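Summary of the model geometry
Next come the chains, spelled out residue by residue.
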Amino acid sequence: MDAYDLCNACKKGDLAAVKEAINSGISPNEAPFTDELPLVAAVRGGHEKIITYLLNNGAEIDLSEESGIGSDKGHSPLTAASFSGNLAIVELLLKRGASIDKCSKSKHSALFVAAKEGQSEVIDYLLENGASLAVTCGYQDRTALHEACAWFHTEAVKSLLNAGADINVLDEDGCSPLQLVCHPELKKGAAKEITSLLL
């Protein structure tokens, strides 16, 4: 077995194969040519028992994949769980010591990713557990509120505003969350509702 086999076993939920790979000396922190980390693969598969096993056997909880093409690349375990909206795994990772505001190699924090994907339950949980509204992410230095507005996620915007998100903060391009909502888009209904929340 090699690192690629370990990642596949993690993704498929094959705990016996994962144990075999780890016991043979394969590092839980080694990424194969696909750049996917075993722990992140287990998170993507939603396999809590494998996540726990990997963490108990040396997997680094904040280790991030290399950044790649696509929105589901360059994740840490916590940002991957936030991306998919898997609240149970978000809870597990935080209880095991994941850094709530740490940005992955794709320059995204868990809150930022949850806002981008409209994962309102995850957003609420992260905020309840101390996630910072002020962290800026991505290549445009946007806040979670910027991102929720840019993708027209009304419920996410509500959660962030209720938690005290700054509506006046500007991204690297000098845009406020409101300006992102006003950009011409097809989701005019959502844009109108979000605009009313920001004004």
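Structure shown above.
Everything quoted here is computed from the prediction, not taken from an experiment.

With respect to the helices, strands and loops of the structure, Ser 109 is situated in the loop between α6 (87–95) and α7 (110–117). In this structure Ser 109 comes out as buried when scored by relative accessible area, which is 3%. Dropping the residues within four chain positions of it, Ser 109 is found in contact with Thr 79, Asp 101, Lys 102, Cys 103, Val 135 and Cys 137.

Glancing now at helix α1 (residues 3–12). Of the positions making up α1, those classed as buried are Ala 3, Leu 6, Cys 7, Ala 9 and Cys 10. Along the long axis of α1, the arc covered by the buried residues comes to 160°, so they all point the same way. Elements that come into contact with the buried residues of α1 comprise α2 (15–23), α3 (38–45) and α4 (48–56). In the stretch just after α1, Gly 13 is the one whose phi turns positive, near 85°.

So, about the nonpolar core. If you look at the biggest cluster of nonpolar residues, it comprises 54 residues, and the most contacted ones within it are Val 18, Ile 51, Leu 54, Leu 93, Leu 126 and Leu 160. Excluding anything up to four places from it in sequence, Ile 51 contacts Leu 39, Ala 42, Val 43, Ile 89, Leu 92 and Leu 93.

Rules of the game
Residues numbered from 1 in each chain as written. Predicted model: local features only at pLDDT ≥ 70, side-chain atom pairs only at ≥ 80, totals over all residues. Heavy atoms only, no water. Helix = DSSP H or I, 4+ residues; strand = E, 2+ residues; numbered from the N terminus. Buried < 20%, exposed > 50% of the residue type's maximum accessible area, 1.4 Å probe, protein only. Contact = heavy atoms within 4.5 Å. Arc of directions from axis to C-beta. Core = buried A, V, L, I, M, F, W, Y, C linked by side-chain atoms within 4.5 Å.

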